[in-house]
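Commentary on secondary and tertiary structure
Chain residues, written in single-letter form:
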Amino acid sequence: MARPPLFPDQSAAGIAVDPRTLERVIPESKRSDGTVRKQLKIRPGFTPQEDVSRFRGSRQQAMDSTALPKGHILGWVAPSSTTSPKGKTATPPPNKNAKKRANARAKKSVEKAAIIKDNWEDEE
């Protein structure tokens with residue numbers, strides 16, 4: 001059978017589980033003048049203020065889980081990673097107005113090319 005640990009894990013308030021009796025206790029300690037404090041038993045179900053965590057709402061917890069690591073910069077890409085070529089990409093526009101603007105730009109560029117082509121032919 002495994003032996004219990006000599007120094008059991010303690011909470012922030014110093015409460016540990018007694019390996020012999022499996023009760024929650026504050027272990028005995030030594031004062032600076034050399035006297036020893038007795039071991040204190042903790043009532044079942046009691047949680048000291050130091051061990052109570054702060055209340056975090058569901059939205060706060062979601063933000064914490066999606067938070068960026070400390071020191072991370074938005075949009076920064078490591079130089080060693082491969083980057084996509086800059087310029088126009090073939091991704092579809094994200095919404096209805098963007099689609100309208102993209103179609104209008106395409107139509108305008110076609111008309112402009114046609115006007116230039118017509119003007120070119122007129123000069124000859």
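A quick note: this is a predicted structure, and the numbers were derived from the prediction, not measured.

1. A short note on the overall build of the chain
In terms of helices and strands, the chain carries 2 helices and 5 strands. Each helix and strand of the chain, placed in order from N terminus to C terminus, yields the pattern β-β-β-β-β-α-α. Counting all 124 residues of the chain, 7% fall into the buried class. Taking the intrachain contacts of the chain between residues at least 6 apart in sequence as the baseline, contacts between residues at least 24 apart amount to 17%. Carbon and sulfur atoms make up 56% of the accessible area of the chain, which amounts to about 12,300 Å² in all.

2. Some thoughts on the pattern of salt bridges
Taken as a whole and judged by the stated rule, the model has 3 salt bridges. Where Glu23 meets Lys41, a salt bridge forms, and the shortest distance between an N and an O atom there is 3.9 Å. Note that Glu23 is positioned in the loop between strand E1 (16-17) and strand E2 (24-26) and Lys41 in strand E5 (residues 40-41), a separation of 18 residues in sequence. We note a salt bridge from Asp64 to Arg56, for which the minimum N-O separation is 2.7 Å. Residue class for Arg56 comes out partly exposed when judged on its relative accessible area of 30%.

3. Concerning unusual backbone geometry
Phi is positive for Leu22, close to 60°, though the residue is something other than glycine. Relative to the helices and strands, Leu22 is located in the loop between E1 and E2. The exposure class assigned to Leu22 is exposed, which follows from its relative accessible area of 66%.

4. Remarks on the side chain of Asp18
Structurally, the position occupied by Asp18 is in the loop between E1 and E2. Within the structure, Asp18 has its side chain in polar contact with the side chain of Thr21 (distance 2.9 Å). Residues within four places of Asp18 in sequence aside, it is in contact with Glu23, Val25 and Gln39.

5. Observations concerning the sheet that holds E1
Strand order in the open sheet made by the 3 strands is E1-E2-E5, with antiparallel pairing throughout. Of all strands in the sheet, those bounded by a partner on one side alone are E1 and E5. Relative to E2, E1 runs antiparallel, the two being bridged by 2 bridges. Residue pairing for E2: Ala16 is matched across the bridge by Val25.

6. Here's the deal with the environment of Thr35
By secondary structure assignment, the location of Thr35 is in the loop between strand E3 (29-30) and strand E4 (36-37). On the basis of relative accessible area, Thr35 is assigned to the partly exposed category, the value being 35%. The contact partners of Thr35, leaving out residues within four places of it in the chain, are Ser29 and Lys30. At 2.9 Å, the side chain of Thr35 forms a polar contact with the side chain of Asp33.

How each quantity is defined
Throughout, residues of each chain are indexed from 1 in the direction in which the sequence is written. This being a predicted model, a pLDDT of at least 70 is required before a residue's local features are given, and a value of 80 or more before pairs of side-chain atoms are given or counted; all residues contribute to the totals for chains, interfaces and linings. Calculation of side-chain values draws on the structure's entire complement of heavy atoms; hydrogens and water are dropped beforehand. Runs of E in the DSSP output that reach at least two residues are strands. Runs of H or I that reach at least four are helices, and both are numbered from the N terminus. Only protein chains enter the area calculation, which uses a 1.4 Å probe; residues under 20% of their type maximum are buried, those over 50% are exposed, and those in between are partly exposed. Whether two residues touch is decided by their heavy atoms; if any such pair falls within 4.5 Å, the residues are in contact. Per-residue and other accessible areas follow the Shrake-Rupley method at a 1.4 Å probe size, with only the shown protein chains counted as cover for residues. For this analysis, a salt bridge means a side-chain nitrogen from Lys or Arg found within 4 Å of a carboxyl oxygen belonging to Asp or Glu. Think of a polar contact as two N or O atoms within 3.5 Å of one another; within protein, one of them needs to be a possible hydrogen donor and the other a possible acceptor, and neighboring residues in sequence only count if both atoms come from side chains. By definition, two strands form a pair when at least two bridges between them are found by DSSP.

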